[in-house]
Amino acid sequence: MGNRIPDELIEQVRESVDIVDVVSEYVPLKKQGRNYFGLCPFHGESTPSFSVSPEKQIFHCFGCGAGGNSISFIMQLEGLNFQESVQQLAQKANITLPTDAIDTVKNPQSTEQAIMHEAHEFVKKYYHHLLVNTAEGKEALDYLINRGISKEEIKHFELGVALDSWDAVTKVLEKRGYSMSIMEKAGLVVRNERDGNYYDRFRNRLIFPIHNHQGKIVAFSGRIMGEGSPKYLNSPESSIFHKGKLLYHFYQAKNVMRKQNRAVLMEGFADVISAYKAGVNDAVATMGTSLTEDQAKVLKTTVDQIIICYDSDQAGINATEKAANILQKEGFTIKVAQMPDGLDPDEYIRQFGPEKFNSSIIEASVSLMSFKMQYHRKGKNLLDETVKFQYIKEMLQEIAKLSQLIEQDYYLNQLSKEFSISIEVLKKEFGQYSNQANRITNVTEVKTDIKRDISSKTLLPAHVRAEQTLLAHMLNSRDVTEKVRQQYQGLFYNNDYSEIIIHLYAYYEEGNESNISKFMNYLPSKRLLEVVSKIVNLQIAPELTERELKDYLDALNNYDKQQRIREKEIDLKKAEREGDFVKAATILQQITQLRSSMKYVK
Ligand SMILES: [Zn+2]
């Protein structure tokens, strides 16, 4: 991997390309007023709600909320990472990036990688040819057909077969002049230490080619036909294959995933292929390891919703809970598909058929919280009080991880009803977990309901409108930002806004002037890009007067106070119930003070 591209150069690249040109290569655009409009490439639609602003150099979809600058557009559409997108735009702009910052052909490491890619591509075709066209491959082909894999699926997944031979692949690679030591590094051949000869890594196995996220073949997995071990043999890690960063079938599924804004996460190749057969085209799989943060981040560039569809045995259930925790940190909406006891998706589909898999498993997946409830109570005797309280504690911790207050409230009520514990007590207890969770995640937590809170402008409560309008002005003006920073000590109530403001302070502090498109490079997630592009598209007056600034800050301060009053009112009721009238009087006085300090806002 190359080093980081210097910030100045990133900026030079971003400034040299016009976002209208970049987007036009993928989406036909029409000028309408100051902006261009087209059909959104990120969701299915028939009337254009995808806008590109040449002036601000950003895009925004009024339908699905997608947003960003030219670099994030390439990232999201091509499934590339930040550096790769900058490289792609640099090519377009004819800007040469320093060789130590990128993998160029001149770089020996990358020449070697290019050779590895090419050899993999060649070997993939060779294996596929053996499977579909030759007498030697007939047995393997029959095996697949008997397992219900059709020709169409064999083609889509580019399946192949490695013959029962020690050197079939070695020979064809040698004949084409490939360096055997590079082929060994690529994992295609194995060197025998004793005689120094090279042999095929895969023998007598069905072959599943593994694409990286740009569509290049970087590895293979070989499945044994019939019984034997290991069941799957994978290519070793190499400079082009990092198991923990790749998802099987991501490249082929990315457009479908993006359109549906959903991915089905599975455990193995066979599951993905069976799911595809059932019409579930947005399935991806990890490769024999548990889900990593890197993989979750890749998914985050493409979708917001994940259905986890793992085996239903204990190992699968534990893996589901582990994957869910990683995905939750990235802010996905998560559901869990549940198979009858002991079956994996592949077995289920063979037993009950593809249609039933789609309707009874995928479409019937449950919310993550229902899954967690089952998970935490499994094998527990909830009639035992100690066990019961332990369970309640675990659930409170889970509820604290939820990003939406509305969800938290819902599950707290459910818990209160189920165990006949008063909601006040439960909330009090919950406070300790929720504070812990919020303190850590306040800034990084990603929430899922911006669409709702920005859209219906007229119905918004004063503090929400104040936060939005202020943020819009802060994005446009360094001056306003400085004033808000000096005059308002609290954080914004909306977590996303708070996080954006923290980045904005840092951005201006580095001496940057207001520039939405440039600022977007400072935002670490797709979600924040979406929020910013939405805010920027709100109708606001060009200038913010001192009077308006004051009104908005008053609205925020009032809201803070209202929140404090609400907390105190709970304390007050409790004091009254407990007969502590001295305490109650003190609290009442505090409430009155808070009330009288609130400012009247028009
Ligand atoms: Zn859209």
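Above this text sits the structure in question.
Quick caveat, the model's predicted, so the values are computed rather than measured.

Novice: I'd like to hear about the pairing of strand E2 (residues 35-38), residue by residue, with values.
Specialist: On a regular strand, each side chain points to the face opposite its neighbour's, so the side chains alternate between the two faces of the sheet. Of the pairings in the sheet, the one linking strand E1 (residues 30-32) to E2 comprises 3 bridges and is antiparallel in character. When the bridges of E2 are listed, Gln-32 appears paired with Asn-35. Hairpin geometry of E1 and E2 is characterised by an intervening segment of 2 residues between the two adjacent antiparallel strands and by a positive phi of about 65° at Gly-33. The pairing of E2 with strand E3 (residues 50-53) spans 3 bridges and is classified as antiparallel. Pairing of Phe-37 across the sheet is with Ser-51, part of E3.

Novice: So what's going on with the sheet that holds strand E4 (residues 58-61)? Residues and values would help.
Specialist: Read across the open sheet, the 5 strands follow the order E1-E2-E3-E4-E5; overall the sheet is antiparallel. Every other strand in the sheet has two partners, leaving E1 and strand E5 (67-68) as the edge strands with one partner each.

Novice: Could you give an account of the nonpolar core, naming the residues involved and the relevant values?
Specialist: If you look at the biggest cluster of nonpolar residues, it comprises 77 residues, and the most contacted ones within it are Val-264, Leu-265, Val-272, Val-284, Ile-306 and Ile-308. Counting contributing residues per domain, this core is built from domain 2 (108-241) and domain 3 (250-364), each supplying no fewer than three. Apart from residues no more than four positions distant in its own chain, Ile-306 is found in contact with Ala-263, Leu-265, Leu-299, Leu-327, Phe-332 and Ile-334. By size, the runner-up hydrophobic cluster in this structure holds 52 residues, among which are Val-52, Cys-61, Leu-471 and Val-532.

Novice: An account of helix H17 (residues 385-401) is requested, with residue identities and associated values reported.
Specialist: The terminal C-alpha atoms of H17, which comprises 17 residues, lie 25 Å apart, in line with the 24 Å expected from a rise of 1.5 Å per residue. If you check which residues of H17 are buried, you get Ile-392, Met-395, Leu-396, Glu-398 and Ile-399. Down the axis of H17, the smallest arc covering the buried residues is 165°, so these residues share one side.

Reading guide: rules and limits
Residues numbered from 1 in each chain as written. Predicted model: local features only at pLDDT ≥ 70, side-chain atom pairs only at ≥ 80, totals over all residues. Pairing = 2+ DSSP bridges. Helix = DSSP H or I, 4+ residues; strand = E, 2+ residues; numbered from the N terminus. Core = buried A, V, L, I, M, F, W, Y, C linked by C-beta atoms within 7 Å. Buried ≥ 20, exposed ≤ 12 C-beta atoms within 10 Å, placed from the backbone. Domains from an automatic or database assignment. Contact = placed C-beta atoms within 7 Å. Expected span 1.5 Å × (residues − 1). Arc of directions from axis to C-beta.

So, to be careful, I would describe these as geometric facts and stop short of saying anything about function.
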